[in-house]
Amino acid sequence: MANERTLVLVKPDGVRRGISGEIVARFEQRGFKLRGARLLKISRATAQKHYGEHKERPFFGELVDFITSGPVLALALEGESAIAAVRTMMGATNPVNAVPGTIRGDYALLMGENIVHGSDSKESAKRELALFFPDGLV
Ligand code: DAT
Ligand code: MG
């Protein structure tokens, strides 16, 4: 068990639908501390870096188009086992399989519009936090 920091993105579909506040509220209610928050439009270069692990996948182009299609809300969250706990709260990548009570299970149905991103490991969290919060966290 360890105190960790992780990156969450409320993706363009979540911001467009006006549910970013509800998503922040869920994480705050769970006990995570907000250490950073930024509303931004991601550049294609940043999107390609962020999703670098998927660059050979057939859906990479669509992924970059989608994540750059409108503003995202980037959050730095801190708390006990934050990386795994946030992933559990997000639910399965394919929302069809996401359990009700999870964010994707409550708000999403399509893989290409699955509302949230969360870092999947310590290494990803470190890399992604530096990408979205280059000036550091509060
Ligand atoms: P996650 O977002 O749960 O970490 P991931 O890192 O494997 O999932 O994939 C990143 C995003 O790419 C995911 O949120 C939705 C999209 N994606 C993943 N697998 C896909 C597939 N087979 N077809 C289309 N989009 C996919
Ligand atoms: Mg991922």
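As shown above, the structure is provided for reference.
Structural notes, computed from the coordinates. In every chain, residue numbers begin from 1 and rise along the written sequence. All chains are assigned letters beginning with A, and all ligands numbers beginning with 1, in the order in which they are written. For this predicted model, a pLDDT threshold of at least 70 governs which residues receive local features, and a threshold of 80 or more governs which side-chain atom pairs are given and counted, while totals over whole chains, interfaces and linings are taken from all residues. Water and hydrogen atoms were dropped before computing side-chain values, which therefore reflect all heavy atoms in the structure.

Secondary structure follows DSSP: runs of H or I at least 4 residues long count as helices, runs of E at least 2 residues long count as strands, and numbering of each begins at the N terminus. Relative to the helices and strands, G31 resides in the loop between helix 2 (20-30) and strand 2 (33-40). Judged by its relative accessible area of 46%, G31 is partly exposed. Remark: the alpha-carbon pair of G31 and M89, spanning 58 residues in sequence, is separated by 12 Å. Burial status follows relative accessibility: with a 1.4 Å probe on protein chains alone, a residue under 20% of its type maximum counts as buried, one over 50% as exposed, and anything between as partly exposed.

The environment of ligand 1 is made up of K11, Y51, H54, F59, L63, R87, T93, R104, M111 and N114. In protein, a polar contact requires one atom able to donate a hydrogen and another able to accept it; more generally it is a pair of N or O atoms within 3.5 Å, and residues adjacent in sequence count only if both atoms are side-chain atoms. One of the side-chain N or O atoms of R87 is found 2.7 Å from an oxygen atom in ligand 1. A distance of 2.8 Å is found between an oxygen atom of ligand 1 and a side-chain nitrogen or oxygen belonging to N114. Protein burial of ligand 1: of its 510 Å² of free accessible surface, 77% is covered by the chains. Here a cavity means grid points, on a 1 Å grid over the protein atoms only, where a 1.4 Å probe fits yet cannot get out; a pocket means an open set of points with protein on both sides within 12 Å along at least five of seven lines; lining residues are those with an atom within 4 Å of a point. Here the criterion for a molecule occupying a pocket or cavity is that more than half of its atoms lie within 2 Å of the pocket grid points. Because more than half of its atoms lie within 2 Å of the grid, ligand 1 is assigned to the largest pocket. Put simply, a residue is near a molecule or strand once any heavy atom of it comes within 4 Å of that molecule or strand. Note that accessible areas follow from Shrake-Rupley with a 1.4 Å probe, and for residues the cover is restricted to the protein chains shown.

Grid points are joined across faces, edges and corners, and a volume is the space filled by probe spheres set on the points. In this structure, the largest pocket spans a volume of roughly 560 Å³. Of all the elements in the fold, those that place two or more residues in the lining of the largest pocket are helix 4 (60-67), helix 5 (82-90) and strand 4 (116-118). When its residues are assigned to classes, the lining of the largest pocket shows seven nonpolar, seven polar and eight charged. We call Asp, Glu, Lys and Arg charged. Ala, Val, Leu, Ile, Met, Phe, Trp, Tyr, Cys and Pro are nonpolar, and the rest, Gly among them, are polar.

The values are spatial; any link to function lies outside them.
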